[in-house]
Amino acid sequence: MHPIAERIQREFAEGFVKAVEWRGDLAVTVTRKALHDVARFLHDDRDMDFDYIVHVSSVDWPDDEERFEVVWEFYSIRKRHRIRLKTRVPEADCIVDSLTDIWKGADFMEREVYDMMGIRFRNHPDLRRILMPDEYTEGYPLRKDFPLQGKGWRDTFEFLNEGRG
Amino acid sequence: MQLDDQRTTIYKVDPGRPETESLPLVRTEELLLNMGPQHPSTHGVLKVILELEGERITKSTPVMGFLHRGVEKLAEEGTYHQFIPHTDRLDYVCAMYNNFAYCRAVEKLMNITVPERAEYLRTIVAEVQRIIGHQFWLGTQALDIGAMTVFFYTFRDREILLDWFDELCGARLTTSWYRIGGVERDFTPSLLDKLRRFLDYFLPLIDEYVVFLEKNRIWVARTKGVAVISAEDAVNFGLSGPTLRGSGVDYDLRKYEPYSAYPRCEFSVPVGKNGDTYDRYWIRVEEIRESVKIIKQCLDQMPAEGPVMAEVPSVTLPPKDRVFTNLESMIQQFKLFSQGFDAPKGEIYCGTEAHKGELGFYIVSQGGGKPYRLKIRAPSFIHMGAFDFMSRGYMIADAVTIFGTYDIVMGECDR
């Protein structure tokens, strides 16, 4: 196993779920409960030193029991290594701890995840929609059950239906 | 129309009496100002709500998404090859680099090695695109804060390069020249010749741009010490590219995780000291010079002949001339575009140093011809996250400088 993953497993025996290494990328999955502590450890520990946040993303797996996967990617500018931290949340209770108190840049990225996938972040300073309009109520566009052409709204544009016989 | 009480008390001036007597006490209170979405300096459609105390910004709230087209959703519905033209429309000023970043990500997913000549071609065109991007930035950023002249000079030279792109791939801005596994076509002798001549013509002109700005006292006063961010904060916010390097962090993926032909070229990464707009300007100008150096080295080192596309028939496209004459190649092309190639299960992240910062693609594949999830790490979006932090305490007019300092393009920011 990758030394970073080994270290996380040692420090967080309960929170650690699995580590996958593929094409040189290391992805570590942890439980939702341990997420914030693991992130804090990754940021503060001398050997980890993940000071740079690359992106926050989310993946929808509609068939799984824990439907959503939230993905953070970190980089260490001094140590030059990378890690992808992942956690799973069920649909009924899709809320995870926000990491904005550790990486300030997570603010907008987490807002985007909320906007696109509907995952809420606990202790986020300003959790609002960011790309979609504030008053948008038709769901979260990047979920797999959201159709590509939108949800009905488009059909109300009269000029689109003209001449369709 | 009736003015509300507040405004009438502040601005009521009776023309019959001298001003000193008629003016009531000036009250101060916070003022909300909507800047944008159609403000010319926002480079697209961006709105920022500024909370002001006098002329000082106390808080700013960016409102984005006016240009949101759901590119990430579209990616899930098309094959990997079909997504290349969509990447043109992200950062529409620098389409080539978006193509490059995307193709690199898919190549990492498919584990494809690009032939040597193609790597050099890619690096050359990417650096030409970097020059265009920085020229565009120099011109428009100076124009935004009132220095107009340099705009004409940078755009004059940018035109030459855009025409060069036109000859290369048939489009000036939406290029789609990169392909998964290589590039669409090789350089012609005329293109090589034009590029060499351009570099000789262009190198002395960089000093000319610099004179227009650095001798302009107003421009210098409006950039020095404006939008300062410390190295720790810049890293913490996830800034990248010249915006981060201005603060003294030499994070450049071309050096940190070398790719393409960059490890075979000698170049330096300019790093600023003060983390202000002036330092970021200086970095961009130096990067233009470095780009010229890289292109010259690539032109000298490049193998004279060789394939420009990897030979992996299940993934990469057949050469165009074979498609028109050979039935099997045509079938291959058709199948690759309509069904796509079978990607392995897995997920990758691949970051590329575009001229704005780290442009990354995170691709989750579940097998099959379409990405299961594709996330674009757009530097403009992430830079906007630091806007509130960086604008506090500055004047309203500096907000324009701060947009400029990020080199923001809303197509990429909103995706």
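What counts as what
Residues numbered from 1 in each chain as written. Chains lettered and ligands numbered in written order. Predicted model: local features only at pLDDT ≥ 70, side-chain atom pairs only at ≥ 80, totals over all residues. Heavy atoms only, no water. Helix = DSSP H or I, 4+ residues; strand = E, 2+ residues; numbered from the N terminus. Rg over C-alpha atoms; globule rule 2.2 N^0.38 Å. Buried < 20%, exposed > 50% of the residue type's maximum accessible area, 1.4 Å probe, protein only. Areas by Shrake-Rupley, 256 points an atom, 1.4 Å probe, with all protein chains shown as cover. Lys, Arg positive; Asp, Glu negative; His and termini not counted. Charge placed at Lys NZ, Arg CZ, Asp CG, Glu CD. Salt bridge = Lys/Arg side-chain N within 4 Å of Asp/Glu carboxyl O. Contact = heavy atoms within 4.5 Å. Buried area = accessible area lost by both parts, 1.4 Å probe. Polar contact = N/O pair within 3.5 Å; in protein donor to acceptor, adjacent residues only side chain to side chain. Core = buried A, V, L, I, M, F, W, Y, C linked by side-chain atoms within 4.5 Å. Domains from an automatic or database assignment. Pairing = 2+ DSSP bridges. Axes fitted to C-alpha atoms, helices over the stretch in contact; angles between N-to-C directions. Parallel < 35°, antiparallel > 145°, perpendicular 65-115°, else oblique. Left-handed = near helix turned anticlockwise from the far one by under 90°. Nonpolar A, V, L, I, M, F, W, Y, C, P; charged D, E, K, R; others polar. pLDDT = per-residue confidence, 0-100.

**Things to note about the overall build of chain B**
Moving on, step 1. Helices and strands together make up the secondary structure of chain B, namely 19 helices and 8 strands.
Moving on, step 2. Relative to a compact globule of 415 residues, whose C-alpha radius of gyration would be 22 Å, chain B shows 24 Å and is just as compact.
Moving on, step 3. Based on the C-alpha atoms only, the size of chain B along its principal axes is roughly 90 × 45 × 40 Å.
Moving on, step 4. Here chain B, with 415 residues, has 59% of them falling under the buried criterion.
Moving on, step 5. Within the structure as shown, chain B displays about 16,800 Å² of accessible surface, and the carbon and sulfur contribution to it stands at 55%.
Moving on, step 6. Averaging the positions of the 48 positive and the 57 negative side-chain charges in chain B gives two centres separated by 2 Å.

**Describing the pattern of salt bridges**
Moving on, step 1. A full pass over the atoms with the stated rule returns 57 salt bridges over all chains.
Moving on, step 2. We note a salt bridge from Glu167 of chain B to Lys194 of chain B, for which the minimum N-O separation is 2.4 Å. Separated by 27 residues along the polypeptide, Glu167 of chain B in helix α7 (residues 149–169) and Lys194 of chain B in helix α8 (residues 189–214) bring together distant segments of the chain.
Moving on, step 3. For Glu167 of chain B, a relative accessible area of 34% puts it in the partly exposed group.
Moving on, step 4. Its salt-bridge partner being Asp252 of chain B, residue Arg245 of chain B comes within 3.5 Å of it at the nearest N-O pair.
Moving on, step 5. A relative accessible area of 0% means that Arg245 of chain B is categorised as buried.
Moving on, step 6. Here the salt bridges share partners, and the residues they tie into one network are Asp25, Asp64, Glu69, Glu73, Arg84, Lys86 and Arg88 of chain A together with Lys108 and Glu347 of chain B.

**Digging into the interface of chain A and chain B**
Interface size is commonly expressed as the accessible area that is lost once the parts come together.
Moving on, step 1. Facing the 45 residues of chain A at the interface are 50 residues of chain B.
Moving on, step 2. Buried area between chain A and chain B, both sides added, is near 4,000 Å², and the carbon and sulfur share of it is 57%.
Moving on, step 3. Considering only the surface of chain A that becomes buried against chain B, Arg23, Tyr52 and Phe108 of chain A emerge as the three largest contributors, covering 16% of it.
Moving on, step 4. At the junction of chain A with chain B, the criterion picks out 9 salt bridges.
Moving on, step 5. Its salt-bridge partner being Glu347 of chain B, residue Lys86 of chain A comes within 2.9 Å of it at the nearest N-O pair.
Moving on, step 6. In this assembly, chain A and chain B are joined by 24 residue pairs in polar contact (both at pLDDT 80 or more).

**Here's the deal with the nonpolar core**
Moving on, step 1. Residues Trp72 of chain A together with Phe361 of chain B are the most contacted members of the largest nonpolar core, which totals 178 residues.
Moving on, step 2. Broken down by element, the residue count for this core peaks at 12 residues, all from helix α6 (residues 116–144) of chain B.
Moving on, step 3. When residues are assigned to domains, this core turns out to be shared by domain 1 (5–63) and domain 2 (71–414) of chain B, each giving three or more.
Moving on, step 4. One finds Val93, Phe136, Phe151 and Val409 of chain B within the second-largest nonpolar core, a separate group that totals 6 residues.

**Examining the domain arrangement of chain B**
All names here are of chain B.
Moving on, step 1. Its domain assignment divides chain B into domain 1 (5–63) and domain 2 (71–414).
Moving on, step 2. In this structure, domain 1 and domain 2 have C-alpha centres spaced 39 Å apart.
Moving on, step 3. Each partner contributes to the interface: domain 1 provides 19 residues, whereas domain 2 provides 20 residues.
Moving on, step 4. Overall, the association of domain 1 and domain 2 removes approximately 1,700 Å² of surface from exposure, summing both partners, and the carbon and sulfur fraction of that is 64%.
Moving on, step 5. Here domain 1 and domain 2 share 0 salt bridges between them.
Moving on, step 6. Contributions of two or more residues to the side of domain 1 that touches domain 2 are made by β1 (31–35), β2 (47–53) and β3 (56–63).

**Focus on the sheet that holds strand β7 (residues 358–366) of chain B**
Residue and element names in this part refer to chain B.
Moving on, step 1. Taken together, the 3 strands give an open sheet; going across it, the order is β6-β7-β8, and neighbouring strands pair in antiparallel fashion. Only two strands of the sheet have a single partner each, and these edge strands are β6 (345–353) and β8 (373–377). Each strand of the sheet is rotated relative to its neighbour by a mean of 10°, with strand direction disregarded.
Moving on, step 2. Bridge analysis of β7 against β8 gives 5 bridges, and the strand direction is antiparallel. Across the sheet, the residue bridging to Tyr362 is Lys375, located in β8.

**As for unusual backbone geometry**
Residues and elements named next belong to chain A.
Moving on, step 1. With a phi close to 55°, Arg23 is a non-glycine residue in the positive phi region.
Moving on, step 2. Phi at Asn123 is positive, roughly 65°, even though this residue is not glycine.
Moving on, step 3. By secondary structure assignment, the location of Asn123 is in the loop between β7 (120–122) and α4 (158–161).
Moving on, step 4. When its relative accessible area of 66% is taken as the criterion, Asn123 is described as exposed.

**With respect to the sheet that holds strand β1 (residues 16–22) of chain A**
All names here are of chain A.
Moving on, step 1. The 5 strands lie next to each other as β1-β2-β5-β4-β3, forming an open sheet whose pairing is mixed. With partners counted over all chains shown, the strands left at the sheet margins are β1 and β3 (52–60), one partner each. The sheet shows a mean angle of 20° between the axes of neighbouring strands, direction not considered.
Moving on, step 2. The pairing of β1 with strand β2 (residues 25–30) spans 6 bridges and is classified as antiparallel. Across the sheet, residue Ala19 finds its bridge partner in β2, namely Val28.
Moving on, step 3. This element, helix α2 (residues 35–44), spans β2, β4 (68–75) and β5 (82–89) of the sheet and lies at about 170° to β5.

**Focus: the environment of Glu257 of chain B**
Moving on, step 1. With respect to the helices and strands, the residue Glu257 of chain B is situated in the loop between α12 (253–256) and α13 (277–301).
Moving on, step 2. Expressed as a C-alpha distance, the spacing of Glu257 of chain B and Gly351 of chain B, which sit 94 residues apart in the sequence, is 9.0 Å.
Moving on, step 3. Those residues in contact with Glu257 of chain B, other than ones at most four positions away along the chain, are Tyr75 and Arg82 of chain A.

**Regarding the packing of α7 of chain B against α8 of chain B**
Residue and element names in this part refer to chain B.
Moving on, step 1. Taken N-terminus to C-terminus, the directions of α7 and α8 make an angle of 165°; their axes are 10 Å apart at the nearest point. With respect to α8, the element α7 is oriented roughly antiparallel. Judged by the sense of rotation from one axis to the other, the crossing of α7 with α8 is left-handed. Here Thr149, Val150, Tyr153, Thr154, Arg156, Asp157, Ile160, Leu161, Trp164, Glu167 and Leu168 of α7 lie close against α8, whose contacting residues are Ser190, Leu191, Lys194, Leu195, Phe198, Tyr201, Phe202, Leu205, Glu208, Tyr209, Phe212 and Leu213.
Moving on, step 2. Among the residues making up the contact of α7 with α8, the classes are represented as 15 nonpolar, 3 polar and 5 charged.

**A word on the pairing of β6 of chain B**
Residues and elements named next belong to chain B.
Moving on, step 1. The buried fraction of β6 is high, at 7 of 9 residues.
Moving on, step 2. Across 9 bridges, β6 lies against β7 in antiparallel orientation. Across the sheet, residue Thr352 finds its bridge partner in β7, namely Leu359.
Moving on, step 3. Counted along the chain from β6 to the antiparallel partner β7, the turn is 4 residues long, and its residue Gly357 has a positive phi close to 155°.

**Here's the deal with the side chain of Arg104 of chain B**
Residues and elements named next belong to chain B.
Moving on, step 1. Of note, Arg104 is situated in helix α5 (residues 95–110).
Moving on, step 2. The side chain of Arg104 is buried and forms no salt bridge, while Glu257, the nearest opposite charge, is found at 5.9 Å.
Moving on, step 3. The residues contacting Arg104, other than those within four sequence positions of it, are Arg122, Tyr259, Cys350, Gly351 and Thr352.

**Details of the confidence of the model for chain B**
Moving on, step 1. This prediction gives chain B a mean pLDDT of 84; 93% of its residues lie at or above 70.
Moving on, step 2. The low-confidence segment residues 1–19 of chain B (pLDDT under 50) makes 12 contacts with residues lying over four places distant or belonging to another chain.

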